[in-house]
Structures are given as structure tokens and as C-alpha cells.
Amino acid sequence: KTLQGATERVFGIMEIVPEIREAAGARKLPRHRENIVFDGVHFAYGAGAPVLKDISIRIPAGEMVAFVGSTGAGKSTLLDLIPRFQDVTGGAIRIDGFDIRDVTLSSLRSQIGLVNQETLLFNETIAYNIRYGKPDSSMAEIEAAARVAHAHDFIMAQTEGYDTVVGEQGRRLSGGQRQRIAIARAVLVDPSILMLDEAASALDAESERQVQKALEALHGTRTILIVAHRLSTVMKADRIFVVEGGRIVESGSREALMAMNGRFRRLHDIQFGT
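Note on numbering: residues in each chain are counted from 1, in written sequence order. In keeping with the model being predicted, local features are shown solely for residues with a pLDDT of at least 70 and side-chain atom pairs are shown and tallied solely at 80 or more, while totals for entire chains, interfaces and linings include all residues. Only hydrogens and water are set aside when side-chain values are computed; all heavy atoms of the structure are taken into account.

1. Side note on the nonpolar core
Note the following rule: What we call a nonpolar core is a set of buried Ala, Val, Leu, Ile, Met, Phe, Trp, Tyr and Cys residues that are connected through their side-chain atoms within 4.5 Å. Relative accessibility thresholds used throughout: buried, under 20% of the residue-type maximum; exposed, over 50%; partly exposed, between the two (1.4 Å probe, protein chains only). In this description a helix means any DSSP run of H or I spanning at least four residues, a strand means any run of E spanning at least two, and both kinds are numbered starting from the N terminus. Should any heavy atoms of two residues lie within 4.5 Å, those residues are considered in contact.
Counting residues in hydrophobic clusters, the biggest one holds 44 residues, and the most contacted among them are Ile-130, Ile-155, Ile-183, Leu-196 and Ile-226. With seven residues, the top contributor of residues to this core is helix H7 (residues 175-188). Discounting residues that sit within four places of it in the chain, Ile-155 has contacts with Ile-126, Ile-130, Ala-146, Gly-161, Tyr-162 and Ile-181. With 29 residues, the next largest nonpolar core counts Phe-43, Ile-82, Ile-95 and Ile-100 among its residues.

2. A look at helix H5 (residues 139-148)
Threshold: Think of it as the arc spanned by the lines of direction from the helix axis to the C-beta atoms.
Among the residues making up H5, those that are buried are Ile-142, Ala-145 and Ala-146. Relative to the axis of H5, the buried residues are bounded by an arc of 100° and lie together on one face. Packing partners of the buried residues in H5 comprise helix H4 (126-131), helix H6 (152-156) and H7. Directly beyond the C-terminal end of H5, a positive phi value near 55° is found at His-150.

3. Here we look at the sheet that holds strand S8 (residues 223-227)
Inclusion rule: Whether two strands pair depends on DSSP finding at least two bridges between them. For helices, the fitted axis covers only the stretch in contact; all axes are lines through C-alpha atoms, and the angles between them, taken along N-to-C directions, range from 0 to 180 degrees.
In space, the six strands of this open sheet follow the order S6-S7-S8-S3-S9-S10, with mixed pairing throughout. Both edges of this open sheet fall to strand S6 (112-116) and strand S10 (247-252), since each of them pairs with a single strand only. Across the sheet, the mean angle from the axis of one strand to that of its neighbour is 15°, orientation sign disregarded. Direction of pairing for strand S7 (residues 193-197) relative to S8: parallel, over a ladder of five bridges. When the bridges of S8 are listed, Leu-194 appears paired with Ile-224. Each of S6 and S7 touches H7; the most contacted strand, S6, lies at about 170° to it. Sheet strands in contact with helix H10 (residues 263-272) are strand S3 (64-68), strand S9 (239-244) and S10, and its direction is about 95° off that of S9.

4. Description of the pairing of strand S1 (residues 35-44)
In terms of residue burial, S1 counts as a mostly covered element, since seven of its ten residues are buried. The pairing of S1 with strand S2 (residues 50-60) spans seven bridges and is antiparallel. Residue Val-37 lies in a different strand from S2, and its bridge partner there is Arg-58. Connecting S1 to the antiparallel partner S2 that follows it, the hairpin turn spans five residues, and Gly-46 within it adopts a positive phi of roughly 60°. Taken together, the five bridges between S1 and strand S4 (residues 90-95) define a ladder with antiparallel strand orientation. Within S4, the residue paired with Val-37 across the bridge is Arg-94.

In short, the description is geometric, and any link to function would need to be established separately.
In C-alpha cells form, the structure reads like this:
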């Protein structure tokens, strides 16, 4: 009976029709080279209250931008809309002029590297974990990605170098080391868009600095979008968007936002004790 119930459940899951589907005649998205545009974007879960309201921004290719604000402001949801983990309920998101709902999911998502707060690592070697998204990668490619992610030095300090087994969930590595492995994994697949969602929020100061160095090495080589609660992570961003109540209430460089003496300045003063 138990086996029968489990089997029914498995087949029930397999038969679920995904809510996010490709449009008939969806086109392949060319490699991103121009801009990402949010055009009057609204989003709500079902019939619930709007999570995002009238988001209109343009992010040129190669720019590093950050989204900051209070918990629950809608920052992570905003990122989720780009790979179509959720679909906008109003407005449109365009990459290089293509509405993302009109392109194939594979051509869209293959261009996006995502690093989350919780890094998924397998009880395998470091090389395996970096290579996971591109199984046919050579060791030279893996090492090059690790160098960009500022991971090569700590990897070579391990007993077996790239052949070191990381343990379940990567428990033999520190939080900062796990995050740099995740960045190397994302870099290896050569995404044109790199998204980091609270990737440094649980790290100590030194680990956070190493992640910042990895981002600085990538700056200008691809479009980078960062969601962060800790402002220290995003000080080198070209532009910072302050999100509150599902709206962008301020935007600009760190210096410009500090001069406004608005919401960003208050967040800054709270976090840095000034």
C-alpha cells in the first residue's frame, strides 16, 4: 500500500503541467550584448497583493547593479522574473529587445548563472562540483574559472587540490569557500548574465571580501545583478537600486545615494553605525 501510494505520488508529480511554458513559435535568444529592460513590471502571487509595482529600469550589458532594501521588499522576486521562475503579471522584461516570454526557456536560462545564499555542493571532488554545469570541461577550463572566482589558491592549499572531496553539502569547506566554488561553477558555463541572491549574507568579513574580489574580477565582462541585505557587498556596483514595498524608491551610485540623505543613507548609517 505504501509503495502504491508513493508510486501514485511520483506519477502525479510527473503529470503536473508547468505554469511557465514556452510560447508557440518561441525564438532562440541571441547572446546578451545590449541591455536588460524592465518596462512597467508588476508581479503578484495569484490573487494576492502586488509584490512588485511599476518597475521600470534599464541595465546596460556589462554593468554591475545591486538591489538593496528591507526584508520582504521584493528584491529576490525581481531577480526570479529574469529566468522566468515566475512570470510578470503586468508589463514586460526584455533582453536586447526580446520579450523573455517570446524566447525559448533553454536559450534564456543557459545565459544566466545564479548563485544563491545556500550553495548546493555534492559529496564529490572540488573539480566535480565546479564542472557540474558543464560536464565536458577540461581541467584547464576549471582552473581558469576558479582563478576568476578567487578560489584557486585555497583549492591548491587542500590536501588533494582539485581532487579534494568536499563532504556532504560541502561541510569540509568554509562558507566563503563554498560560495567561491559556486561562483566558479557559474563562471565556467560562461553566462552573459550573473545573478547573486544574498550570496554573501551568511559570510564572515574576510570571506565576504574574497567574494567581493571575485565580483570585481568579473566586473565588465558580463551583466551582474546582486541582491544584498549587507551594503558592504555592493559598494563597487555601478548603480544601486533601493527597493521598498515593491517599488524602486531610489537609484544611483553609492556616492549619489549618500548625497540624497534618503532611504539608502539611513540603511547605510544603521549598518555601519555612523
